[in-house]
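Observations on the model geometry
Each chain is listed here by its residues.
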Amino acid sequence: MKALRACACVEFLLAAAVALVMAVSSAPAQDDVKEIDVIKSPTCSCCSRWMQHLDAAGFQTRARNMTPADLARVKSQILRGTCRPRT
């Protein structure tokens, strides 16, 4: 069970990294604060620590808590390349 949970956490962090790259590469080249929506489970401490790291690096984060089913759908879209940043 712990291995499955660790695998899910690693998979989510991979998806979050892909989303971060998409958000940063599509952001305008300005000195403005860059906003990042973090799509996460409300109980994930990994995601909360990731948001703290991003905040410390100068990003403004906003949590978007989702159900496990919705998270799986979004991860699948990110990995397929069909997930588009919100405007």
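Here is a short report on the structure shown in this document. (Residues numbered from 1 in each chain as written. Predicted model: local features only at pLDDT ≥ 70, side-chain atom pairs only at ≥ 80, totals over all residues. Heavy atoms only, no water.)

Turning our attention to the overall build of the protein. Across its full length, the protein carries three helices and two strands. When the elements of the protein are put in sequence order from the N terminus, they spell out α-β-α-β-α. When each of the 87 residues of the protein is scored for burial, the buried share is 23%. Considering only contacts in the protein between residues 6 or more positions apart, those separated by 24 or more positions represent 71%. (Helix = DSSP H or I, 4+ residues; strand = E, 2+ residues; numbered from the N terminus. Buried < 20%, exposed > 50% of the residue type's maximum accessible area, 1.4 Å probe, protein only. Contact = heavy atoms within 4.5 Å.)

Let us look at the pattern of salt bridges. Opposite charge on two side chains permits them to pair, given that their charged atoms come into close proximity. Counting across every chain of the model gives one salt bridge. One salt bridge connects Asp 37 with Arg 62, and the closest N-O pair in it is separated by 2.7 Å. Of this pair, Asp 37 sits in strand β1 (residues 35–40) while Arg 62 sits in strand β2 (residues 60–65), placing them 25 residues apart in sequence. Judged by relative accessible area, Arg 62 falls into the partly exposed class, the value being 42%. (Salt bridge = Lys/Arg side-chain N within 4 Å of Asp/Glu carboxyl O.)

A few words on the pairing of β2. One ladder, built from six bridges, connects β1 with β2; its direction is parallel. The residue of β2 that forms the bridge with Asp 37 is Arg 62. This β-α-β element, β1 to helix α2 (residues 45–56) to β2, shows right-handed connectivity. (Pairing = 2+ DSSP bridges. Right-handed = clockwise from strand over helix to strand, strands pointing away.)

Before going further, it helps to spend a moment on helix α3 (residues 68–80). The terminal C-alpha atoms of α3 lie 18 Å apart, and with 13 residues this matches the ideal 18 Å at 1.5 Å per residue to within 8%. If you check which residues of α3 are buried, you get Leu 71, Val 74, Lys 75 and Ile 78. Buried residues of α3, seen end-on, are gathered within an arc of 105° and therefore sit on one face of the element. Exposed residues pointing more than 90 degrees away from the buried face of α3 are listed as Ala 69 and Arg 80. (Expected span 1.5 Å × (residues − 1). Arc of directions from axis to C-beta.)

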